[in-house]
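# Examination of the molecular architecture
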Amino acid sequence: MATEMDRVDVVTVGVGWTGGIVAAEAAKAGLQVVGLERGRERGTEDYQHIHDEYKYAIRYELMQDVSKETLTFRNSRDQRALPMRQLGSFLLGENLGGAGTHWNGQTWRFLPYDFEIRSMTEERYGSEKLRDDDGYRVQDWGITYDELEPYFDQFEKTAGISGEENPLSGPRSNPYPTPPMMKTRILEMFEEASSNLGYDPIMMPSANLSEQFENPDGQTIAACQYCGFCERFGCEYGAKSSPEVTVIPAARETGNFEVRTHSNVVEILTDEDDDSQVTGVRYVDTRTGEEFIQPADVVVLNSYVFNNYKLLRVSDIGQQYDPETEEGTLGRNYCYQIFGGATGYFDEQFNTFMGAGALGMAFDNYNGDNFDHSDLDFLHGGNMAITQTGNRPIATNTIRPDTPSWGSEFKKESIENYTRTLRVQGQGASLPHKDNYIDLDDEYTDAYGIPLVQLTYNFTDQDVSAQKYLAEKAAEVVEEMGANEVVVDAEISDYSIVPYQSTHNTGGTVMGDDPETSVTNNWLQHWDRDNLFVVGAGSFVHNSGYNPTATVGALAYRCAEGVIRFAEEGGRLEEE
Amino acid sequence: MAEKGPDEKQFSRRDFLKTTGVATGGIIGGSLLGGFVGFNMNGDSGGDTAQNDQESGGDIAQGQQDPGRVFFHNDAEFETISQAMERIFPEDDMGPGAITLGAPYFLDMQLAGQYGNNTREYMQGPFYAGETTQGYQARLRRAELFRLGIERLNAEANEQFDDDFSNLDGEDQDEILTRFQEGEADLGVPEDTAKPEDFFGLLRSATIEGVYADPLYRGNRGMEGWKMKNFPGHQYQYIDRIQSDSMVEIDPQPLFGGDHNGNGNG
């Protein structure tokens, strides 16, 4: 029998960026909050021996233990879905702070176009351009950039983001809280080349702070030391904004927040007599195996895309999407991203081993609808960037396409190119297609006997075109930077779950203004259950040409406001 | 076809430690282990090289002393895999190869632990071969796959060239390895158990990891892998150098102090 805990005002499932934000805001507003985290406690003091590429970047020390829980994958419905037995294409988080611990810190706001992509495309090009008949399901988010702007601002202040005005992004109510990071020789070369070509390069907005900063919650984030160990690592200086150095301590300082680690939520509890509410959650202590029930007035799902989906599905809340009939909203609009870039080979050696996760320059001239798509066979585009994140020797073995992948020639090429190649890359948006979705697997289960999430995904024609386009544009920049030789990325074909691409999975629990096409309203409140909120990149209706964290953070602040308002007034938040 | 090699007997780490003297915590000198194992790390260049290295006493030569093994208790198996790794990352005019850098010892320790046992990976059945886009679907854990792979390297070598893998010259060894890489070699087991290209892929990545991982993991001896590549290892910060207009040469530093030069006596 499960042990029933004392009722609380709010329970957050997961304590990463979104759980931390909701907890901090709700606890500051005087609500009693419990955060259930399946992983362990951790913080800056745990990262003192972090400069270990093998342990952290190759063997994924900080990431999800997929022996306990993973997902199954197939490219299309006629394939048998098989488990992702080891991490690859994306790196799922676990433990306090979640994936917010091992992110790079590239902190972009999505474009105004992103939130109203259907309306704006119809208006500029006509509805043919949306290609509904080809299975694309482009839809507006039910919220505008202007409505979301204050929450972007709040997230950037909490994280102390270092950056400079981007002429091609949405309007800002305030400048970035801290100035941009240092410009290096590599970045200057990119800046000069892209300016020569008529683009608008800016310093990448960064959560690796250019200077020490005290945020509005009174938490101090240190200054980045450019050590080159960000992606896949925690920061030993507390200089990369993460939930553990910002919102989690802010929530704890209120005295209204308790984090319960080793607590894996397996079900959202409902009441047979009232289908408009949920009553709490059931969780398992991952060390003892004991079961607990945590009753709560408000339940907020703050885990990653796949797990937010899974909890709704296994708890039978909402209707599963069916790709045949296109009925049901749970699991639809799953999107990923594409990367089109080019590598330049130089005689000069660069300090490629130095850097920081968000040390880079970029331009948005080929992102969103910032360029004319009239004669193009894809919508949207991508942010074009050079980054100096700190290349490490196991993972960085750049060789020309005709070089063997092992032996003496490989050795020579990979060693020489380590400090002599630079890469410019477009991070491309991906739009929803009716055949790409999330479901539950009927064969494989997790450590708790619950079915694994099943992903059915492949790149679409639009993805292939956009990737090729971005790669060619990247090549022009690399050439202008003075490379002796430019190698353009090969065209993409079937999506593979094996090589790392990005942890920017989106959709499955999307927001919107219509219950027919979304899971939550624009307060992230579930359409069927008034006291259930679902927030994260799963809320994204499509994926943009940017890293998702700022938009996730903004939605979490929006959600937190909704939670507080609901706790005070109850009812449907969209009806006001 | 799926017969196991002569290493079937359960391996006891404690027994091994007792035998080799590693448990005493002392320096594992070339004389002790060299005498016991009769193993030379440079393959067909023979004991001469090992002896020369000891006499010259240089950094790398020091590193070539055998730090003891925890997984490969069969010398011939270790010899085979060492030579295969050397073909992946050979000694040449760029610098030392996988063997001199200690990559086989890196692999030895990894196979005995979490990596070899796929501890943090989903290993529940059922197993199906799957598409390439679905990734590793083998029933075998890495430790088992390496054992099988070594067995099959020799089987292929005998079939093609009438001799064990480690007795072949480099070109013939490359030909065998290519057959694994391209999925043509016979692994002697069904596809859902393991594919030859799975074994090759792991061999290749483990070699690169053993060459460039922190010397803490027993490869990258003397940080010579890093030195070749101009990677400075563990540095606290670059804030005062990151805006330099030219390449900055920095002496590499291992994660823990200066003693982890990989020769087992740090």
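Residues numbered from 1 in each chain as written. Chains lettered and ligands numbered in written order. Predicted model: local features only at pLDDT ≥ 70, side-chain atom pairs only at ≥ 80, totals over all residues. Heavy atoms only, no water.

### What to know about the overall build of chain B
Our working definition: Strands are runs of DSSP state E lasting at least two residues, helices are runs of H or I lasting at least four, and both sets are numbered from the N terminus onward. To sort residues, take the accessible area from a 1.4 Å probe on protein chains only and compare it with the maximum for the residue type: under 20% means buried, over 50% means exposed, and anything in between is partly exposed. Any two residues whose heavy atoms approach within 4.5 Å at even a single point are treated as in contact. Only the protein chains shown count as cover for residues, with accessible areas throughout obtained via the Shrake-Rupley method and a probe of 1.4 Å.
Scanning chain B from N- to C-terminus turns up 10 helices and 0 strands. The order of helices and strands in chain B, counted from the N terminus, is α-α-α-α-α-α-α-α-α-α. Per-residue burial for chain B yields a buried fraction of 54% across its 266 residues. Nonlocal contacts in chain B, meaning residues at least 24 apart in sequence, comprise 63% of its contacts between residues at least 6 apart. Roughly 11,600 Å² of accessible area belongs to chain B as shown, and the carbon and sulfur atoms make up 44% of that amount.

### Quick look at the UniProt feature "domain: Glucose-methanol-choline oxidoreductase C-terminal" (unreviewed entry) in chain A
Condition: UniProt positions are given in the numbering used here, feature names are shortened, and annotations may be inferred rather than shown by experiment.
Look at the UniProt record and you will see "domain: Glucose-methanol-choline oxidoreductase C-terminal" (unreviewed entry) annotated at residues 432-556 of chain A. End C-alpha to end C-alpha, residues 432-556 of chain A measures 22 Å, and it is 22% helix and 18% strand.

### Some details on the interface of chain A and chain B
Frequently, the measure chosen for interface size is the accessible area that the parts lose on association. To keep it simple, the criterion reads: By definition, the buried area sums, over both parts, the 1.4 Å-probe accessible area that each loses when the two are put together. When a carboxyl oxygen of Asp or Glu is within 4 Å of a side-chain nitrogen of Lys or Arg, the pair counts as a salt bridge. Here a polar contact is recorded for every N or O atom pair within 3.5 Å, except that within protein the pair must consist of a potential hydrogen donor and a potential acceptor, and residues adjacent in sequence are included only if both atoms are side-chain atoms. For this classification, Asp, Glu, Lys and Arg are treated as charged, while Ala, Val, Leu, Ile, Met, Phe, Trp, Tyr, Cys and Pro are nonpolar and the rest, including Gly, are polar.
Contacts between chain A and chain B engage 73 residues on the former and 69 residues on the latter. In this assembly, chain A packs against chain B so that about 5,900 Å² is buried in total across both faces, 57% of it on carbon and sulfur atoms. Broken down residue by residue, the surface that chain A buries against chain B is led by A:Arg85, A:Trp406 and A:Lys411, which jointly contribute 16%. The tally of links from chain A across to chain B stands at 2 salt bridges. Residue B:Asp92 pairs with A:Lys411 through a salt bridge whose shortest N-O separation is 3.0 Å. Between chain A and chain B we count 39 residue pairs in polar contact (both at pLDDT 80 or more) in total. When residues of the side of chain A that touches chain B are traced back to their parent elements, those giving at least two are α2 (53-58), β4 (71-74), β5 (82-83), α9 (408-417) and β17 (437-445) of chain A. Of all the elements, α9(A) adds the most residues to the side of chain A that touches chain B, at 7 residues. Each residue belonging to the side of chain A that touches chain B can be placed in one class, and the counts come to 31 nonpolar, 24 polar and 18 charged.

### Description of the pairing of strand β13 (residues 338-345) of chain A
All names here are of chain A. Short version of the rule: Strand pairing is defined by DSSP finding a minimum of two bridges between the two strands.
Counting buried residues in β13 gives 8 out of 8 residues, a clear majority hidden from the surface. Side-chain alternation along β13 places Ile338, Gly340, Ala342 and Gly344 on one buried face and Phe339, Gly341, Thr343 and Tyr345 on a second face that is also buried. Where β13 meets strand β19 (residues 485-488), 4 bridges bridge the pair, whose relative direction is antiparallel. Bridge assignment links Tyr345 to a residue of β19, and that residue is Glu485.

### Here's the deal with the confidence of the model for chain B
Residues and elements named next belong to chain B. Cut-off, in case you're wondering: A score between 0 and 100, pLDDT records how confident the predictor is in each residue.
Chain-level statistics for chain B give a pLDDT mean of 80 and a share of 72% at 70 or above. Taken as a whole, residues 1-63 scores under 50 in pLDDT and shows 81 contacts with residues more than four places along the chain or in a different chain. In the predicted assembly, ipTM is 0.95 and pTM is 0.92.

### Quick notes on the packing of helix α6 (residues 103-112) of chain B against helix α9 (residues 196-212) of chain B
The angle between the axes and the distance between the axes are what describe a pair of packed helices. All names here are of chain B. Cut-off, in case you're wondering: Inter-axis angles, ranging from 0 to 180 degrees, are taken between N-to-C directions of lines fitted to C-alpha atoms, where helices are fitted over the stretch in contact. Small angles under 35 degrees read as roughly parallel and large ones over 145 as roughly antiparallel, with 65 to 115 read as roughly perpendicular and the rest as oblique. Should the near helix be turned counterclockwise from the far one by less than a right angle, the crossing is left-handed, whereas a clockwise turn marks it as right-handed.
Across the interface, α6 lies against α9 with an axial gap of 8 Å and an inter-helix angle of 110°. In terms of axis orientation, α6 runs roughly perpendicular to α9. Seen from above, α6 lies across α9 with right-handed handedness. In this structure, α6 contributes Ala103, Phe106 and Leu107 to the contact, and α9 contributes Ala206, Thr207, Glu209, Gly210 and Val211. Within the contact of α6 with α9, the residues separate by chemical class into 5 nonpolar, 2 polar and 1 charged.

### Some remarks on helix α11 (residues 549-569) of chain A
Structurally, the α-helix is built with 3.6 residues per turn, so residues lying three or four positions apart point the same way. Residues and elements named next belong to chain A. Going by this rule: Helices are assigned an expected span. That span is 1.5 Å times one less than the residue count.
For α11, with 21 residues, the first-to-last C-alpha span of 30 Å sits near the 30 Å given by 1.5 Å per residue. Of all 21 residues making up α11, 16 are buried, and the element is well covered by its neighbours. The first or second residue beyond α11 is Gly570, which carries a positive phi of 70°.

### Remarks on the sheet that holds strand β6 (residues 202-203) of chain A
All names here are of chain A. Strand order in the open sheet made by the 6 strands is β6-β14-β15-β16-β13-β19, with antiparallel pairing throughout. Edge strands, defined here as strands with exactly one partner in the open sheet, are β6 and β19. The sheet contact formed by β6 and strand β14 (residues 360-363) spans 2 bridges and is antiparallel. Bridge pairing in β14 places Met203 opposite Met361. Strand contacts of helix α10 (residues 461-480): β13, β14, β15 (382-387), β16 (421-428) and β19, with the helix running at about 25° to β13, the strand carrying the most contacts.

### Description of the nonpolar core
The cut-off we apply is this: Take the buried Ala, Val, Leu, Ile, Met, Phe, Trp, Tyr and Cys residues and link them wherever side-chain atoms come within 4.5 Å; each set so joined is a nonpolar core.
Within the largest apolar cluster, 220 residues are counted, with the highest numbers of intra-cluster contacts made by A:Met481 and B:Phe146. The element that contributes the greatest number of residues to this core is α11(A), accounting for 11 residues. Residues in contact with B:Phe146, not counting those within four places in the same chain, are B:Ile81, B:Leu107, B:Leu111, B:Tyr115, B:Phe199, B:Leu202, B:Leu203 and B:Ala206.

### A short note on α9(A)
Restricting attention to buried positions, one finds in α9(A) the residues A:Phe410, A:Lys411, A:Glu413, A:Ser414, A:Ile415 and A:Asn417. The inward-facing, buried residues of α9(A) abut β13 and β16 of chain A together with α9 and α10 (224-229) of chain B.

### Quick notes on the side chain of A:Thr509
Topologically, A:Thr509 is positioned in the loop between β19 and β20 (532-534). A:Thr509 gets classed as buried once you look at its relative accessible area, which sits at 1%.

### Section: the environment of A:Leu440
Residues and elements named next belong to chain A. Note that Leu440 resides in strand β17. Classification of Leu440 as buried rests on a relative accessible area of 16%. Considering only alpha carbons, one finds Leu440 and Thr178, 262 residues apart in sequence, at a separation of 44 Å. The contacts of Leu440, once residues within four sequence positions are left out, are Tyr309, Lys310, Arg313, Val314, Pro451, Leu452, Val453 and Gln454.

### As for the pattern of salt bridges
According to the stated counting rule, one finds 48 salt bridges over all chains in the structure shown. Here A:Arg59 makes a salt bridge to B:Glu209, at a shortest N to O gap of 3.7 Å. Note that A:Arg59 is positioned in the loop between α2 and β4 and B:Glu209 in helix α9, a pairing that runs across two chains. Assigned by exposure class, A:Arg59 and B:Glu209 land together as buried. Of the charged contacts, one joins A:Arg423 and A:Asp489 as a salt bridge, the two residues approaching to 2.8 Å between their closest N and O atoms. You can see A:Arg423 sitting in strand β16 and its partner A:Asp489 sitting in the loop between β19 and β20, a full 66 residues away along the chain. Given a relative accessible area of 31%, A:Arg423 falls into the partly exposed group.

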